[in-house]
Structure formats: structure tokens, C-alpha cells
Amino acid sequence: QVQLVESGGGLVQAGGSLRLSCAASGIPFSSTGMGWYRQAPGKQRDLVAFISVGGFTLFNDSVRDRFTIFRDNTQKTVSLRMNSLKPEDTAIYYCNAVPFGLPGDYWGQGTQVTVSS
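Caption draft 1: Molecular detail of the state of the cysteines. Scanning the entire structure with this criterion turns up 1 disulfide. There is a disulfide in this structure between Cys22 and Cys95, and the S-S distance comes to 2.1 Å. Torsion about the S-S bond of the Cys22 and Cys95 cystine: about -80 degrees, corresponding to left-handed handedness. Pair noted here: Cys22 is in strand β3 (residues 18-25) and Cys95 is in strand β9 (residues 91-99), with a separation of 73 residues, a long-range link. When its relative accessible area of 0% is taken as the criterion, Cys22 is described as buried.

Structure below.
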């Protein structure tokens, strides 16, 4: 029943910006931590940013000064604003949901972000 649907990926030149969004359903969103991960071909899936139920945020050091994560508990969405994009940011970006107090987590299908040099 859980669905996480990412949107907003695409092609952008280095230095440009994109906003990714993840729409969640089937989970108690207001009590669910939400994160963004990314995976490039041949590389490990890495955390990009995380936002807790209470609004606490974590960022990968490589994006800390360029990306912003925020959530809207009314719309049940989590977004990732990406500025000053670099070719190294090219990856599939995945939405992740971690319901508070419950084992396991959930993943979206991903959205492709490609940054050209």
C-alpha cells in the first residue's frame, strides 16, 4: 500500500538548479522520517539528505552548502532543492521513508538527474 513517487529529475547544465519532490501515501507521513539517497552507475548508494519528524536535518558533506531538504506534512511531500549542480551529482535519486518506531523502511523508484559539463 505504501507508495513513494519521485518527480523533478531531468537534464541540467553545471551550475544550474533542480527541485526534486517525493509524494508519499500509505504511511503516517507526519511521524515518518524522510530522506533522499542517490546512486551513480557502479557506485554505492549514498545518503544525500535526511529530515526527521521534528525537522532535524542531515546532509552529505558533498552537498551541504548547495542542497536544501524540506517537508510539507499537509501535502505529504518531501523536497530536495539542488543548487550549483555539478557533474558529480549525476545519479538516480531515491526517496526513502522511515516510519517512527517501526522496523524497516520504504523506497521510491527513483528519478534520474543528469548534470552536463
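Caption draft 2: The side chain of Glu6, seen in detail. Tracing the sequence through the fold places Glu6 in strand β1 (residues 3-7). Although Glu6 is buried, it forms no salt bridge, and the closest oppositely charged side chain is Arg45 at an N-O distance of 9.6 Å. From its side chain, Glu6 meets the backbone nitrogen of Cys95 in a polar contact 2.8 Å long. A distance of 3.0 Å separates a polar atom in the side chain of Glu6 from the backbone nitrogen of Gly110. The residues contacting Glu6, other than those within four sequence positions of it, are Ser21, Cys22, Trp36, Tyr93, Tyr94, Cys95, Gly108, Gln109, Gly110 and Thr111.

Caption draft 3: Just the environment of Asp65, in detail. Mapped onto the fold, Asp65 is located in the loop between β6 (57-59) and β7 (67-72). In this structure Asp65 comes out as exposed when scored by relative accessible area, which is 79%. With 18 residues separating them along the chain, Asp65 and Asn83 place their C-alpha atoms 8.9 Å apart.

Caption draft 4: Main features of the pairing of strand β4 (residues 32-39). Most of β4 sits inside the fold, with 6 of its 8 residues counted as buried. In this sheet, β9 lies alongside β4 in antiparallel orientation, the contact comprising 8 bridges. Note that in β9 the partner of Tyr37 across the bridge is Tyr94. Where β4 meets strand β5 (residues 46-51), 5 bridges bridge the pair, whose relative direction is antiparallel. Paired with Tyr37 across the two strands is Leu47, which belongs to β5.

Rules used in this analysis
Residues numbered from 1 in each chain as written. Predicted model: local features only at pLDDT ≥ 70, side-chain atom pairs only at ≥ 80, totals over all residues. Heavy atoms only, no water. Disulfide = S-S within 2.5 Å. Helix = DSSP H or I, 4+ residues; strand = E, 2+ residues; numbered from the N terminus. Buried < 20%, exposed > 50% of the residue type's maximum accessible area, 1.4 Å probe, protein only. Lys, Arg positive; Asp, Glu negative; His and termini not counted. Salt bridge = Lys/Arg side-chain N within 4 Å of Asp/Glu carboxyl O. Polar contact = N/O pair within 3.5 Å; in protein donor to acceptor, adjacent residues only side chain to side chain. Contact = heavy atoms within 4.5 Å. Pairing = 2+ DSSP bridges.

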